[in-house]
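These are the residues of each chain, in order.
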Amino acid sequence: MDFNITLIPGDGIGPEIVAEAVKVLNKTGEIYHASFHFTKILMGGCSIDKYGVPLTDEALQTAKSSDAVLLGAVGGNTDTSPWYKLPPEKRPEAGLLAIRKGLGLYANLRPALLFDELKAACPLKESTGEKGFDFLIMRELTGGLYFGKRETVVKDGKRVAMDTLTYSEDEIRRIAVRAFEVARKRRRKVTSVDKANVLDSSRLWRSVTAEVAKDYPDVELSNMLVDNCAMQIVKDPAQFDVILTENMFGDILSDEASMVTGSLGMLPSASLGAGKFGLYEPSHGSAPDIAGLDVANPIATIMSAAMLLRYSLDMNEAADSVENAVKSVLADGYRTGDIMSEGKQKVGCHEMGDLICERIK
Ligand code: NAD
């Protein structure tokens, strides 16, 4: 089996963590008889420095013609980096929006899983952490407020800003179908999150989701307002299986969900389009404060590589073996600085990658 993978190391810790994930992919390739051909492209600040734009058309074409994309992170220090003096559409993060749109990635999956070995890091009440949780946020990625018409005008001598939130029923239906399909492989529960007491777009969201649910009688659907969901994630996260929601709500809730696991450096994500193609990246950012120090936790990126194996390459056994290797390293007491606790052995980014590779069977 030969696969073409586009790599986007990006900025900050991106190159360090992607290098560890590549090591892991190559190890699984040896064991599971697959050859990975990696092509690197620039995106984010490094692309701005070289080409003046966060993503070139050529880079996008390279990504499009591959089987899957693995991304580190993009962006710099938003207070001090000159990238943030550029207009918003020229900044590093504009590359993220452009690649998601350009690759037609409309579904973002972010698992929020509390590892048994890291229960102590959960910032919630001890009894809540002890109970554990394992849910997934399915966020719509190419519609809503982030892609609507926006402008700032001066009216009667005062600045007025406007953003628009639009969803068509087709956009809602395709992501709802994905959520129900994923729920079928899990605990068969979908919680659709909206603000239907206020927003028209949410009322349409609720009604289309209910229509889709009729095709999935084996999956339980419930609706929840986004403000309540934000509270429930803190109060009782174990109640959730798949949370389905629109772009901006998903952006905020998925950050909250990653915080309750207590370990941002552990959480992967996948962005899927039609068919098997997907882009995989850690849930955290480019951490410019620790870039180049060999202290970043590569596990979120390595777990993203496991999702890549599972969702884009159908290499389920290889994906299982990577996830098990991560659990085994944690069980053996190795920790990067961000998840360090008393009595454990502290390792750097590179060594963590090596330890995981050694355990891939
Ligand atoms: P961040 O996730 O980069 O960092 C938040 C904190 O977590 C920092 O203290 C950082 O050191 C730590 N951290 C993050 N990942 C870590 C890891 N793997 N190991 C150890 N510690 C880790 O968020 P931020 O500081 O708000 O953003 C920094 C830059 O990243 C900004 O330019 C932002 O726009 C960008 N960003 C990019 C993406 C992306 O590429 N998808 C996502 C979020 C933020």
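Quick caveat, the model's predicted, so the values are computed rather than measured. (Residues numbered from 1 in each chain as written. Predicted model: local features only at pLDDT ≥ 70, side-chain atom pairs only at ≥ 80, totals over all residues. Heavy atoms only, no water.)

**What about the pattern of salt bridges?**
As a reminder of what qualifies: Definition used for salt bridges: Asp or Glu carboxyl oxygen within 4 Å of a side-chain nitrogen of Lys or Arg. Secondary structure elements are taken from DSSP: a helix is a run of H or I of four residues or more, a strand is a run of E of two residues or more, and numbering for both begins at the N terminus. Only protein chains enter the calculation, and the probe is 1.4 Å; a residue is then buried if its accessible area is under 20% of its type maximum, exposed if over 50%, and partly exposed in between.
Under the defined criterion, the tally for this structure stands at 24 salt bridges. Where R186 meets D134, a salt bridge forms, and the shortest distance between an N and an O atom there is 3.4 Å. Residue R186 is found in the loop between helix 6 (169–184) and strand 8 (189–194), and its partner D134 is found in strand 5 (residues 134–140); the two are separated by 52 residues along the sequence. By relative accessible area, which is 25% here, R186 ends up partly exposed. Residue D134 is classed as partly exposed on the basis of its relative accessible area of 31%. Put simply, D251 and R139 hold a salt bridge, and the shortest N to O gap is 3.9 Å. Separated by 112 residues along the polypeptide, D251 in helix 9 (residues 247–260) and R139 in strand 5 bring together distant segments of the chain. We classify D251 as partly exposed; its relative accessible area is 24%. It is possible to trace a salt-bridge network through shared partners that takes in D134, R186, R187 and D241.

**Overview of the site of the ligand**
Note the cut-off: Proximity criterion: a residue is near a molecule or strand once any of its heavy atoms comes within 4 Å of it. In protein, a polar contact means a hydrogen-donor-capable atom and an acceptor-capable atom, both N or O and within 3.5 Å, with residues adjacent in sequence counting only if both atoms are side-chain atoms; elsewhere, any N or O pair within 3.5 Å suffices. Areas reported as accessible are Shrake-Rupley estimates using a 1.4 Å probe. Residue values count occlusion only from the protein chains shown. Residue polarity follows a fixed list, in which Ala, Val, Leu, Ile, Met, Phe, Trp, Tyr, Cys and Pro are nonpolar, Asp, Glu, Lys and Arg are charged, and the others, Gly among them, are polar.
Inspection of the region around the ligand gives 21 residues, with V74, G76, E93, G285 and A287 positioned closest. One of the backbone N or O atoms of G285 is found 2.7 Å from an oxygen atom in the ligand. Surface burial for the ligand is 69%, taken as the share of its 810 Å² of free accessible area covered by protein chains. In terms of residue class, the shell around the ligand is made up of 10 nonpolar, 7 polar and 4 charged.

**Considering the packing of helix 11 (residues 316–331) against helix 12 (residues 349–358)**
For the record, the criterion: Throughout, an axis means a line fitted to C-alpha atoms (over the contacting stretch in the case of helices), and angles, computed between N-to-C directions, take values from 0 to 180 degrees. Crossings are assigned a handedness: left-handed for a near helix turned anticlockwise from the far helix by less than a right angle, right-handed for a clockwise turn. Here a residue-residue contact requires only that any non-hydrogen atoms of the pair lie within 4.5 Å.
Interaxial distance between helix 11 and helix 12 falls to 8 Å at its minimum, and their mutual angle equals 115°. Read as a crossing pair, helix 11 and helix 12 show a hand that is right-handed. Residues A325, V326 and V329 of helix 11 form the contact with helix 12, whose own contacting residues are M352, L355 and I356. Of the residues assigned to the contact of helix 11 with helix 12, the class counts are 6 nonpolar, no polar and no charged.

**A look at unusual backbone geometry**
Its identity is not glycine, yet R188 carries a phi of approximately 60°, on the positive side. Its location among the elements puts R188 in the loop between helix 6 and strand 8.

**Describing the packing of helix 6 against helix 7 (residues 200–213)**
To keep it simple, the criterion reads: Put simply, angles under 35 degrees are roughly parallel, angles over 145 are roughly antiparallel, angles from 65 to 115 are roughly perpendicular, and the rest are oblique.
Direction vectors running N to C along helix 6 and helix 7 enclose 50°, while the axes themselves pass 9 Å from each other. By the criterion of interaxial angle, the relationship of helix 6 to helix 7 is oblique. Seen along the crossing, helix 6 lies across helix 7 with a hand that is right-handed. Packed against helix 6, whose contacting residues are E169, I172, R173, I175, A176, V177 and F180, the element helix 7 presents L204, W205, V208, T209, E211, V212 and A213 at the interface. Across the contact of helix 6 with helix 7, the residue classes tally to 10 nonpolar, 1 polar and 3 charged.

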